[in-house]
Amino acid sequence: MKTMTYLSSLILVGSLTFSVGGLSAAQSPQQLVKVSGVKGGLVVHLGSGDGSRTAALRLNDSYMVQGWDRDAARIAQARLNLRAKSVYGPVSVDRLDGKVLPYIDNFANLVVADDLLGVSMEEIKRVLEVMRRDECAE
């Protein structure tokens, strides 16, 4: 028996000009979450803008979504929009000041980035949940 390590989460870069695993920026937030295979937990949204896409990443009560942006005016507008949709709490938006995400290792189930906000791919991989599974060697 051998142990195989793999990322159980998918990194999607929404507005950049490439797709991951056949996904494209044109797909809705709901489609991105469904295709990722993530069934709940923490979804991190980088570049939350007005909060619309951030809110749409919460498919049901199994998800908590945290959006991040650098612009105070966009964050304020996003919070107003989330409150108007009655989802503020399970969906939140905050300001990212640096290049480090405020999570422990392996904490997020999915990261969706419309703007990387200066965060490195190594940092994103650090916060994504890593799971292990056993595979039987034939």
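Everything discussed here concerns the structure shown above.
Source: prediction; values computed, not measured.

Student: Provide a residue-level description of the overall build of the protein, including the pertinent values.
Tutor: Broken down by element type, the protein carries four helices and seven strands. The order of α-helices and β-strands along the protein, N terminus first, is β-β-α-β-α-β-α-β-β-α-β. Here the protein, with 138 residues, has 39% of them falling under the buried criterion. For the protein, long-range pairs separated by at least 24 residues make up 64% of all intrachain contacts whose partners lie at least 6 apart in sequence. For the protein, the exposed surface amounts to about 7,500 Å²; the carbon and sulfur share of it is 52%.

Student: Just give me the short version of the nonpolar core, but keep the residues and values in it.
Tutor: Val43, Leu57, Leu82 and Leu110 are the most contacted members of the largest nonpolar core, which has 16 residues in total. Elements represented by at least two residues in this core include exactly helix H1 (29–36), strand S4 (63–69), helix H3 (72–84), strand S5 (91–95) and strand S6 (110–113). The dominant element in this core, judged by the number of residues it contributes, is H3, at three residues. Apart from the residues within four sequence positions on either side, Leu57 is in contact with Pro29, Val33, Val43, His45, Tyr63, Val65 and Val112. Counting 15 residues, the second largest nonpolar core, distinct from the first, contains Leu42, Ala113, Val119 and Ile124.

Student: Could you give an account of H3, with specific residues and numbers?
Tutor: In this model, H3 (13 residues) spans 18 Å end to end at C-alpha, consistent with the 18 Å of a helix rising 1.5 Å per residue. Among all positions of H3, only Ile75, Ala78 and Leu82 are buried. Seen end-on, H3 carries its buried residues on one side only, within an arc spanning 60°. Projecting away from the buried face of H3 at angles above 90 degrees are the exposed residues Ala73, Leu80 and Ala84. Those residues of H3 that are buried lie in contact with helix H2 (52–56), S4 and S5. The residue sitting at the N-terminus of H3 and contributing the capping side-chain oxygen is Asp71; that oxygen lies 3.1 Å from the backbone nitrogen of Ala73.

Student: With reference to specific residues and values, describe the pairing of S5.
Tutor: Looking at chain direction, S4 and S5 are connected through five bridges and run parallel. Its bridge partner being in S5, Val65 is matched across the sheet by Val91. The parallel pair S4 and S5 is bridged by H3, and the resulting crossover is right-handed.

Student: Requested: an account of the pairing of strand S3 (residues 41–46), with residues and values cited.
Tutor: Of all six residues that make up S3, five are buried, and the element is covered over most of its length. Relative to S4, S3 is paired through six bridges, and the arrangement is parallel. The residue bridging Leu42 from the neighbouring strand is Met64, located in S4. As defined by bridge partners, S3 adjoins S6 across four bridges and the pair is classed as parallel. The partner of Val43 across the bridge, within S6, is Leu110.

Student: I'd like a description of the pattern of salt bridges, backed by residues and values.
Tutor: According to the stated counting rule, one finds seven salt bridges in the structure shown. As a salt-bridge pair, Glu123 and Arg126 come within 2.7 Å of each other at their nearest N and O atoms. Placement of the pair is Glu123 and Arg126 together in helix H4 (residues 121–127), with a separation of three residues, close to one helical turn. Classification of Glu123 as buried rests on a relative accessible area of 9%.

The rules behind the values
- Residues numbered from 1 in each chain as written.
- Predicted model: local features only at pLDDT ≥ 70, side-chain atom pairs only at ≥ 80, totals over all residues.
- Heavy atoms only, no water.
- Helix = DSSP H or I, 4+ residues; strand = E, 2+ residues; numbered from the N terminus.
- Buried < 20%, exposed > 50% of the residue type's maximum accessible area, 1.4 Å probe, protein only.
- Contact = heavy atoms within 4.5 Å.
- Areas by Shrake-Rupley, 256 points an atom, 1.4 Å probe, with all protein chains shown as cover.
- Core = buried A, V, L, I, M, F, W, Y, C linked by side-chain atoms within 4.5 Å.
- Expected span 1.5 Å × (residues − 1).
- Arc of directions from axis to C-beta.
- Polar contact = N/O pair within 3.5 Å; in protein donor to acceptor, adjacent residues only side chain to side chain.
- Pairing = 2+ DSSP bridges.
- Right-handed = clockwise from strand over helix to strand, strands pointing away.
- Salt bridge = Lys/Arg side-chain N within 4 Å of Asp/Glu carboxyl O.

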